[in-house]
Amino acid sequence: DVKVTQSSRYLVKRTGEKVFLECVQDMDHENMFWYRQDPGLGLRLIYFSYDVKMKEKGDIPEGYSVSREKKERFSLILESASTNQTSMYLCASSLYSDRVAKNIQYFGAGTRLSVL
Amino acid sequence: ELKVEQNPLFLSMQEGKNYTIYCNYSTTSDRLYWYRQDPGKSLESLFVLLSNGAVKQEGRLMASLDTKARLSTLHITAAVHDLSATYFCAVDMSGGYNKLIFGAGTRLAVHP
């Protein structure tokens, strides 16, 4: 089974702190994604990466950055946390493939971040 | 810009009843996904729909796709409490990159 592991389930940070959210997948997937989930808004893509050291902005990248130094690990960075970044953050991974049967995103358990 | 709209956003159902969740999207897409999320848990893939007229079934859930109408439906047959969850549809236009646009989700509550 594919496993996507997020380093923390719950985090509480202060405004202005630098925050790192870590995600590791064990299935050699090329694609990795960071989403935030807010009630009534569904999942919104922050950043994604299709290869090591490659990254693309998603729909809401402002206030975030990412790092992918190794294929299995994708980090989301909040440079200076703000209260409006309080949310659930979900990491996902998938194969780079046009064979759709395999092209499913697998999600981690999520990190609930509170910024005070 | 691709938009994905689900309705209803909240659905309270009696056990044993049937109902349908709708997912409309605004531009042509290669594929459509349905995911389930239990409270406090992560998302789990239910169905992947590729082509016009595609139908997939798993237990009491059946998903279909009409690409001409840009509409997918998730039909629930004889609901049971275990189906209580939030259901998301998501659309992929990006080919191998698998970049998905999600709907807002439908929270389903099944009660006796």
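Refer to the structure presented above.
Remember, predicted model here, so these are calculated numbers, not experimental data. (Residues numbered from 1 in each chain as written. Chains lettered and ligands numbered in written order. Predicted model: local features only at pLDDT ≥ 70, side-chain atom pairs only at ≥ 80, totals over all residues. Heavy atoms only, no water.)

**A few points about the overall build of chain B**
Broken down by element type, chain B carries zero helices and eleven strands. Secondary structure of chain B in N-to-C order comes out as β-β-β-β-β-β-β-β-β-β-β. By the compact-globule yardstick of 13 Å for 112 residues, chain B fits well, its C-alpha radius of gyration being 13 Å. Taken along its principal axes, the extent of the C-alpha atoms in chain B is 40 × 30 × 20 Å. A buried classification covers 46% of the 112 residues belonging to chain B. Counted over contacts in chain B with a minimum sequence separation of 6, partners at least 24 positions apart contribute 55%. Counting every atom, chain B has about 5400 Å² of accessible surface; 49% of that belongs to carbon and sulfur. Within chain B, one finds 11 positive and 10 negative side-chain charges whose respective centroids are separated by 2 Å. (Helix = DSSP H or I, 4+ residues; strand = E, 2+ residues; numbered from the N terminus. Rg over C-alpha atoms; globule rule 2.2 N^0.38 Å. Buried < 20%, exposed > 50% of the residue type's maximum accessible area, 1.4 Å probe, protein only. Contact = heavy atoms within 4.5 Å. Areas by Shrake-Rupley, 256 points an atom, 1.4 Å probe, with all protein chains shown as cover. Lys, Arg positive; Asp, Glu negative; His and termini not counted. Charge placed at Lys NZ, Arg CZ, Asp CG, Glu CD.)

**So, the pairing of strand 9 (residues 87-94) of chain A**
Residue and element names in this part refer to chain A. In terms of residue burial, strand 9 counts as a mostly covered element, since eight of its eight residues are buried. Across the two faces of strand 9 the burial is the same, with Ser 87, Tyr 89, Cys 91 and Ser 93 and Met 88, Leu 90, Ala 92 and Ser 94 all buried. Strand direction decides the pairing type here: strand 4 (residues 31-38) and strand 9, joined by seven bridges, are antiparallel. If you follow Asn 31 over to strand 9, its bridge partner there is Ser 94. Note: strand 9 against strand 10 (residues 106-107), two bridges, orientation antiparallel. The residue of strand 10 that forms the bridge with Ser 93 is Tyr 106. (Pairing = 2+ DSSP bridges.)

**Notes on the sheet that holds strand 1 (residues 4-7) of chain B**
Residues and elements named next belong to chain B. Reading across the sheet, the five strands line up as 1-3-8-7-6 and stay open at both edges, with antiparallel pairing between neighbours. Each edge of the open sheet carries a strand with a single partner, namely strand 1 and strand 6 (55-58). Averaged over all adjacent pairs, the angle separating strand axes in this sheet is 15°, with direction ignored. Bridge analysis of strand 1 against strand 3 (residues 19-25) gives four bridges, and the strand direction is antiparallel. (Axes fitted to C-alpha atoms, helices over the stretch in contact; angles between N-to-C directions.)

**Describing the pattern of salt bridges**
All names here are of chain A. Under the definition given, this model contains eight salt bridges over all chains. Between Lys 71 and Glu 30 there is a salt bridge, and its shortest N-O distance comes to 4.0 Å. Of this pair, Lys 71 sits in the loop between strand 7 (64-70) and strand 8 (73-78) while Glu 30 sits in the loop between strand 3 (19-25) and strand 4; the two residues are 41 residues apart in sequence, bridging distant segments of the chain. Judged by its relative accessible area of 25%, Lys 71 is partly exposed. Each of Asp 28, Glu 30 and Lys 71 takes part in a single network of salt bridges with overlapping partners. (Salt bridge = Lys/Arg side-chain N within 4 Å of Asp/Glu carboxyl O.)

**Describing the pairing of strand 8 (residues 71-76) of chain B**
Residue and element names in this part refer to chain B. Inspection of the sheet shows strand 3 paired to strand 8 by six bridges, in the antiparallel sense. By the bridge assignment, Ile 21 is partnered in strand 8 with Leu 74. Where strand 7 (residues 61-66) and strand 8 come together, six bridges link them in antiparallel fashion. Note that in strand 8 the partner of Met 62 across the bridge is His 75.

**Side note on the interface of chain A and chain B**
Interfaces are often sized by the accessible area lost when the parts come together. Residue-level contacts link 26 residues of chain A with 21 residues of chain B. Both faces considered, chain A and chain B share a buried interface measuring about 1900 Å² in area, 58% of it formed by carbon and sulfur atoms. The tally of links from chain A across to chain B stands at zero salt bridges. At the boundary of chain A with chain B, the tally comes to eight residue pairs in polar contact (both at pLDDT 80 or more). Residue assignment for the side of chain A that touches chain B shows that the elements contributing at least two residues are strand 4, strand 5 (42-49) and strand 9 of chain A. Across the side of chain A that touches chain B, the residue classes tally to 14 nonpolar, nine polar and three charged. (Buried area = accessible area lost by both parts, 1.4 Å probe. Polar contact = N/O pair within 3.5 Å; in protein donor to acceptor, adjacent residues only side chain to side chain. Nonpolar A, V, L, I, M, F, W, Y, C, P; charged D, E, K, R; others polar.)

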